[in-house]
Amino acid sequence: MMGHVAEISAKCSGGHGLTWHSSPYLGDRFLVNRRLAHAYYICGIMPVQYERFVKAGCFGQLGEDYLNEFFKPYSACVKSLAEESCHDALLEEIPQYPDMDGINILTDARHATRKNSKYSDIICLGGQSHKVLDFETVCRREEPSAQKHELLGTQRIYQRLEAKEGGTVHIRVHCHDRNASVNKWVADNKPDTESTNDTWHASKNVVKELKSVCIGPRYMEGKTWHPQLSDKAGSIKTHFYWAMKNCDGNAEKLKAMIINIVDNYKGHHTNCSPTSRCHTDPNYEPSKCVIDDPKAELLLRQALQKTLIYKTAHDYVHCMDTFFVESFNNTMLQYHDKRLGSHFGEATYKLRTCLSVLDWNDHINSRRVTSTKTATEDSATTWDNTRAEQDTTSRIQEHGATTAFGSEEWSAVVLGTHSLPCTCEFPETVTGVSPTYTTIAALHPLSTEGLGLSVVAGIWGGILIRGTAPHHHEQQHVKTVTVGRHFDSGHRAGISHV
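Calculation rules
- Residues numbered from 1 in each chain as written.
- Predicted model: local features only at pLDDT ≥ 70, side-chain atom pairs only at ≥ 80, totals over all residues.
- Heavy atoms only, no water.
- Phe/Tyr/Trp six-rings, centres within 6.5 Å; stacked < 30°, edge-to-face > 60°.
- Helix = DSSP H or I, 4+ residues; strand = E, 2+ residues; numbered from the N terminus.
- Buried < 20%, exposed > 50% of the residue type's maximum accessible area, 1.4 Å probe, protein only.
- Lys NZ or Arg CZ within 6 Å of the ring centre and 35° of its normal.
- Expected span 1.5 Å × (residues − 1).
- Arc of directions from axis to C-beta.
- Contact = heavy atoms within 4.5 Å.
- Axes fitted to C-alpha atoms, helices over the stretch in contact; angles between N-to-C directions.
- Parallel < 35°, antiparallel > 145°, perpendicular 65-115°, else oblique.
- Left-handed = near helix turned anticlockwise from the far one by under 90°.
- Pairing = 2+ DSSP bridges.
- Right-handed = clockwise from strand over helix to strand, strands pointing away.
- Polar contact = N/O pair within 3.5 Å; in protein donor to acceptor, adjacent residues only side chain to side chain.

Draft legend 1. Molecular detail of the packing of aromatic side chains. The full count for this structure, using the stated rule, is 12 aromatic pairs. Both rings, one in Tyr41 and one in Tyr74, keep their centres 5.4 Å apart while their planes meet at 25°; by these two values the pair is stacked. In this pair, Tyr41 is assigned in helix H1 (residues 31–42) and Tyr74 in helix H3 (residues 64–93), connecting sequence segments 33 residues apart. There is no split in this pair, since Tyr41 and Tyr74 are both buried. Measuring from ring centre to ring centre gives 5.5 Å for Phe328 and Trp360, while their planes differ by 85°; the resulting arrangement is edge-to-face. Taken as a pair, Phe328 in helix H13 (residues 323–331) and Trp360 in helix H14 (residues 346–363) lie far apart in primary sequence, 32 residues in all. Per residue, the accessibility class of Phe328 equals that of Trp360, and both read buried. One aromatic cluster is present, built from ring pairs that chain together Tyr40, Tyr41, Tyr50, Phe70, Phe71 and Tyr74. Cation over ring: Lys232 sits above Tyr265, and NZ or CZ is 5.2 Å from the ring centre.

Draft legend 2. Examining helix H4 (residues 149–163) more closely. Helix length check: H4, at 15 residues, gives a terminal C-alpha distance of 22 Å against a target of 21 Å (1.5 Å per residue), a fit within 8%. Taken as a whole, H4 has its buried residues at His149, Glu150, Gly153, Thr154, Ile157, Tyr158 and Leu161. Here the buried residues of H4 occupy an arc of 160° about the axis, which is enough to place them on one side. Exposed and oriented more than 90 degrees from the buried face of H4 are Gln159 and Ala163. On the buried face of H4, the contacting elements are H3, strand E5 (103–111), strand E6 (119–126), strand E7 (132–139), strand E8 (171–176) and helix H5 (180–189). One or two positions beyond H4, positive phi appears at Glu165, with a value near 55°.

Draft legend 3. Expanded view of the packing of H3 against H14. Between H3 and H14, the least distance of the axes is 9 Å, while the angle of their chain directions is 40°. Judged on the interaxial angle alone, H14 and H3 are oblique. The way H3 lies across H14 gives a crossing that is left-handed. Residues Phe71, Tyr74, Ser75, Val78, Lys79, Leu81, Ala82, Ser85, Cys86 and Ala89 of H3 form the contact with H14, whose participating residues are Ala347, Thr348, Leu351, Cys354, Leu355, Val357, Leu358 and Asn361.

Draft legend 4. Fine view of the pairing of strand E9 (residues 194–197). Two elements, E8 and E9, share 4 bridges in a ladder whose sense is parallel. Each residue of the ladder has a partner; that of His176, found in E9, is Asn197. The β-α-β motif built from E8, the intervening H5 and the parallel element E9 has right-handed crossover chirality.

Draft legend 5. Here's a closer look at the side chain of His336. As for its placement among the helices and strands, His336 is situated in the loop between H13 and H14. A distance of 3.4 Å separates the side chain of His336 from the backbone oxygen of Tyr349, its partner in a polar contact. Here the side chain of His336 touches Thr353 through a polar contact of 2.9 Å, side chain to side chain. When neighbours within four sequence positions are excluded, His336 is seen to be in contact with Arg110, Asp121, Tyr349, Arg352 and Thr353.

Set out below in structure tokens:
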């Protein structure tokens, strides 16, 4: 065996020899060995796991010298691809904001180990695309204190982001997990950037903090807690989320909405939202115990004023969370085991971080189909792309529509359930389509004129139409959908509805 390549030599009685290898060459090295070395790095397994795997399979093993030789050009290539992926993600993020006057970012630090970490990864995700825009690995060699890694990495990310695209990238809102040093640094050095904190980390302790006034020992009743508050902790937490989402970016309004909880439970609904049930339902009856004891009112008011969200309301007026950053950190576990994070050398650790960035950016939106509806419709709807494709045939049959691209049946995403009798033919050539995504516009077949569409295909009665309609049409019948599947250039589409 030569690594994972089998070698067979044969000689005839005349002394002529022949050597056969089970793998072709890639340059001056065997292709199979290259591919297995690549697989070894991208799958995230440990060296000892690789050794056990190949020994159990009895199909050879790559030596340490071969892997070391492979590592240097491979790591340089992966780093270059990761930086290119981040740059593409930034270009995708910028146009998703009105007037393209800045971007929102989500950051967090992930430590390689649970205590006294040798490495820390600071990740920056776009607020809209949720793709990695930049990342920084800080090691103990650069900063001995692991608690200071996040600030150092954040500063470096700011420097790189603001230098990209000719220095035109402006960070409007920066959301993170309430790192006090990051809050202070942004406030002191970035006056045009708003620092906001993750809502989940702040609100997860609301119930715990309020329970101190909801339950307690009998001898402290009416002093530190009150029975009239015993049923309110969970619903108050829900109101905190609602208040952060509806405060219109005003810290004083957020505080007023939090304190209004007391009046609401007293039965005074003057300052409640006009859309709440206490205003819209003439038969409204409170589901919680009404507060009529001044001691209970005082205890609840003091407890609300002691919560972190009330005391630092200006840090939560944007109601942003770092859910996607936490999800990325979970994805990194494939490449960085918390138990073994400090055992890697710096070059190997950074390689695995780059691989996790490539993995995330390539897959974060691959299974989502998002429909951006018009302003007259409800909020955006998300379908699972796989389920949509599986259900497509039955939906098309139900509405009497068929699709075909050449001789190939197309698994279409059916968008509507309209039943206008018509026949549509769109035998246009598909050209200039993205290799990854295809934009599909669903619209009335009798109203396609004047919308600027380059129509390629369409179904009416569960429509499938390929077009270049921009997302800002004001017509109520226009919808746009992004589907994770592409048309091959040159295919022709013929679609009919019976």
